Amino acid sequence: MNKKPEIYTCREHVDIGIDDFVNYNYQAPDVEMIEGKKCDYCEKKAVYKIHLKITN
Ligand SMILES: [Zn+2]
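Worth saying up front: this structure is predicted, and the values here are computed from it rather than measured.

Asker: It is not clear to me how the nonpolar core should be interpreted in this structure. Could you clarify?
Answerer: Across soluble globular proteins, you tend to see nonpolar side chains buried next to one another. Counting 7 residues, the largest nonpolar core consists of Ile7, Tyr8, Phe21, Cys39, Ala46, Tyr48 and Ile50. For this core, the secondary structure elements donating two or more residues are strand E1 (6-9) and strand E3 (45-51). In terms of residue count, the dominant contributor to this core is E3 (3 residues).

The following block contains the structure:
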């Protein structure tokens with residue numbers, strides 16, 4: 001599977017989004033509230049961006 005560094009989800013799909021993120025990236029994500037994107041799992045507006053933790 002290809003890596004998927006960012007996943008956008010609506011409220012309904014945030015759990016599956018986090019599961020997919022961990023499957024793709026083998027690490028726990030940061031979850032941020034966002035606007036202006038569409039859910040990766042349905043046609044609703046996304047409210048969460050699931051992404052890699054920024055580490056310095
Ligand atoms: Zn959705």
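Asker: Would you take a moment to explain helix H1 (residues 14-25) for this structure?
Answerer: For an α-helix, 3.6 residues make a turn, and residues three or four places apart therefore share a direction. Here H1 is 12 residues long and its end C-alpha atoms lie 16 Å apart, about the 16 Å a rise of 1.5 Å per residue gives. At the exit of H1 stands Tyr26, carrying a positive phi of roughly 55°.

Asker: Whenever I open this one, the environment of Gly36 confuses me. Can you help?
Answerer: Tracing the backbone shows Gly36 in strand E2 (residues 30-38). In the structure, Gly36 is positioned 18 residues away from Ile54 in sequence and 22 Å away in space, judged by C-alpha atoms.

Asker: Quick question: what am I supposed to make of unusual backbone geometry here?
Answerer: Note on backbone geometry: most residues besides glycine have negative phi, and most peptide bonds are trans. Phi at Tyr26 is positive, roughly 55°, even though this residue is not glycine. Mapped onto the fold, Tyr26 is located in the loop between H1 and E2.

Calculation criteria
- Residues numbered from 1 in each chain as written.
- Predicted model: local features only at pLDDT ≥ 70, side-chain atom pairs only at ≥ 80, totals over all residues.
- Core = buried A, V, L, I, M, F, W, Y, C linked by C-beta atoms within 7 Å.
- Buried ≥ 20, exposed ≤ 12 C-beta atoms within 10 Å, placed from the backbone.
- Helix = DSSP H or I, 4+ residues; strand = E, 2+ residues; numbered from the N terminus.
- Expected span 1.5 Å × (residues − 1).

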